[in-house]
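Observations on chain architecture
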Amino acid sequence: MSNRLYDILKAPVVSEKTARLQEQGNQYVFEVRTDATKADVRAAVEKLFSVKVENVTVVNIKGKNKSFRFQPGRRSDRRKAYVRLADGQSIDLGAKA
C-alpha cells in the first residue's frame, strides 16, 4: 500500500493561481493519476505529508488537439486534485528529500 501512495500523487502544480490558493485558502493542487479517487488522494496526502485534509476536489482536464510536425495529435488527459488542509496545517513543497 505504501508504494501505491507514491504512485497516486504525480507532482504538485506550481502556478500563480496555486500560489494564491496556498496563501488565501490553505489549498494545494496536485496532478494525480487519472484513476485516483478522492479517498485515494486524501489518504496519500495525509500519509506522505503528515497533515489533516479537510476537503478534496478532483478535476478532469481533457487533452487538447494539437499538431506535432504537421501531423495531427492529441495531448494526454490529466486529472488535478485540489486539497484543502485543516487550519494551522501546511505543506512545504520546496523541501528536498
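This write-up is about the structure you can find in this document.

Reading guide: rules and limits
Residues numbered from 1 in each chain as written. Predicted model: local features only at pLDDT ≥ 70, side-chain atom pairs only at ≥ 80, totals over all residues. Heavy atoms only, no water. Core = buried A, V, L, I, M, F, W, Y, C linked by side-chain atoms within 4.5 Å. Buried < 20%, exposed > 50% of the residue type's maximum accessible area, 1.4 Å probe, protein only. Contact = heavy atoms within 4.5 Å. Phe/Tyr/Trp six-rings, centres within 6.5 Å; stacked < 30°, edge-to-face > 60°. Helix = DSSP H or I, 4+ residues; strand = E, 2+ residues; numbered from the N terminus. Expected span 1.5 Å × (residues − 1). Arc of directions from axis to C-beta.

**Quick look at the nonpolar core**
- Phe30, Val41, Val45 and Val83 are the most contacted members of the largest nonpolar core, which totals 18 residues.
- For phenylalanine 30, the contacting residues outside a window of four places in its chain are Leu9, Ala11, Pro12, Val13, Val45, Phe49, Arg79, Lys80, Ala81, Val83, Ile91 and Leu93.

**A word on the packing of aromatic side chains**
- If you walk through the whole model with that rule in mind, you get one aromatic pair.
- Plain terms: the ring middles of phenylalanine 30 and phenylalanine 49 are 5.9 Å apart, the flat faces sit at 25° to each other, and that makes the pair stacked. Placement of phenylalanine 30 in strand S2 (residues 27–32) and of phenylalanine 49 in helix H3 (residues 38–49) is noted, with a sequence separation of 19 residues between them.

**Observations regarding H3**
- Compared with an ideal rise of 1.5 Å per residue, which puts twelve residues at 16 Å, H3 spans 16 Å between its outermost C-alpha atoms and is within 8% of the ideal.
- The set of residues buried in H3 consists of Val41, Ala44 and Val45. Along the long axis of H3, the arc covered by the buried residues comes to 95°, so they all point the same way. Counted as exposed and oriented over 90 degrees from the buried face of H3: Ala39 and Lys47.
- Among the residues trailing H3, serine 50 stands out with phi positive, at a value near 55°.

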